[in-house]
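Notes for the structure review
If you want the building blocks of each chain, they are given just below.
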Amino acid sequence: MSDTTTIEDLDFPKAVLTRVIKSSLPENISIQKEARHGVAKASTVFVSYLAATANDCARESGHKTIMTQDVLKALEAIGLGDFIDRLKADLDAFAIKTKEKKKVKSTDEDEDIEDVEDEEEDISVVMDVADTSAMDVDDTESIDTAKRPRTE
């Protein structure tokens, strides 16, 4: 058997595709199963073609990793330059959303660290009080035993 994957072997998850299709159609429009399958195959072919073209753009630029600029160049190369402005806007919104999530996560982690530090301080105070109480008990026992008369 060969390890190569063909375009026929690749599919997007049906639930995700169905959500995308339904979100782009009016509410009163439905889509047949065969049409949904056609959209799935067409989107797989499109993504594969775009990725291959972006890879070519990356190689022309002298790097091995496909970057955003390569995808934008690829869209232009395959005649879909009209989508570039919308894609840039979506990418900017995604970047902002990602930064906000990181900031919230960082803030949550800082608060968690502060909570742990506060708990550690509380525990150390309790431990100090317990140690002091234990010392008092020990001191009283030694004093009490010293003052007690011996019973023999």
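So, here's what we can say about the structure. (Residues numbered from 1 in each chain as written. Predicted model: local features only at pLDDT ≥ 70, side-chain atom pairs only at ≥ 80, totals over all residues. Heavy atoms only, no water.)

Our focus in this paragraph is the overall build of the chain. Of regular secondary structure, the chain possesses four helices and zero strands. Taken across its 152 residues, the chain has 11% of its residues classed as buried. Within the chain, contacts between residues at least 6 apart in sequence are counted, and of these 41% link residues at least 24 apart. Entry remark: accessible area of the chain is about 13000 Å², with carbon and sulfur atoms responsible for 56%. (Helix = DSSP H or I, 4+ residues; strand = E, 2+ residues; numbered from the N terminus. Buried < 20%, exposed > 50% of the residue type's maximum accessible area, 1.4 Å probe, protein only. Contact = heavy atoms within 4.5 Å. Areas by Shrake-Rupley, 256 points an atom, 1.4 Å probe, with all protein chains shown as cover.)

The next subject is the nonpolar core. Formed by Leu50, Ala54, Cys57, Leu72, Ala74, Leu75 and Ile84, the largest nonpolar core amounts to seven residues. Looking at this core, the elements with two or more residues in it are helix H2 (33–60) and helix H3 (68–77). Filtering out sequence-adjacent residues up to four positions away, isoleucine 84 remains in contact with Leu72, Leu75 and Glu76. (Core = buried A, V, L, I, M, F, W, Y, C linked by side-chain atoms within 4.5 Å.)

The subject of this paragraph is H3. Turning to H3, its buried residues are Asp70, Leu72, Ala74 and Leu75. Just downstream of H3, glycine 79 is the residue with a positive phi angle, here 90°.

So, about H2. Here H2 spans 41 Å end to end across 28 residues, near enough to the 40 Å set by a 1.5 Å rise per residue. Three or more residues of H2 are buried, namely Ala40, Ser43, Thr44, Leu50, Thr53, Ala54, Cys57 and Ala58. Each element contacted by the buried residues of H2 is listed here: helix H1 (14–24) and H3. (Expected span 1.5 Å × (residues − 1).)

Inspection of the secondary structure assignment puts isoleucine 21 in helix H1. Distance from isoleucine 21 to arginine 36, taken between C-alpha atoms, is 8.1 Å for residues 15 residues apart in sequence. If near-sequence neighbours (up to four positions away) are discounted, isoleucine 21 is found in contact with Ile31, Arg36 and Val39.

This part takes up the side chain of serine 43. By the secondary structure assignment, serine 43 is in helix H2. When residues no more than four places from it in sequence are discounted, the contact partners of serine 43 are Phe12 and Leu17.

This part is about the packing of H1 against H2. For the pair H1 and H2, the least separation of the axes is 11 Å and the interaxial angle reads 105°. When the interaxial angle is binned, H1 and H2 end up roughly perpendicular. For the pair H1 and H2, contact is made by Leu17, Thr18 and Ile21 and by Arg36, Val39, Ala40 and Ser43, respectively. Partitioning the contact of H1 with H2 into residue classes produces four nonpolar, two polar and one charged. (Axes fitted to C-alpha atoms, helices over the stretch in contact; angles between N-to-C directions. Parallel < 35°, antiparallel > 145°, perpendicular 65-115°, else oblique. Nonpolar A, V, L, I, M, F, W, Y, C, P; charged D, E, K, R; others polar.)

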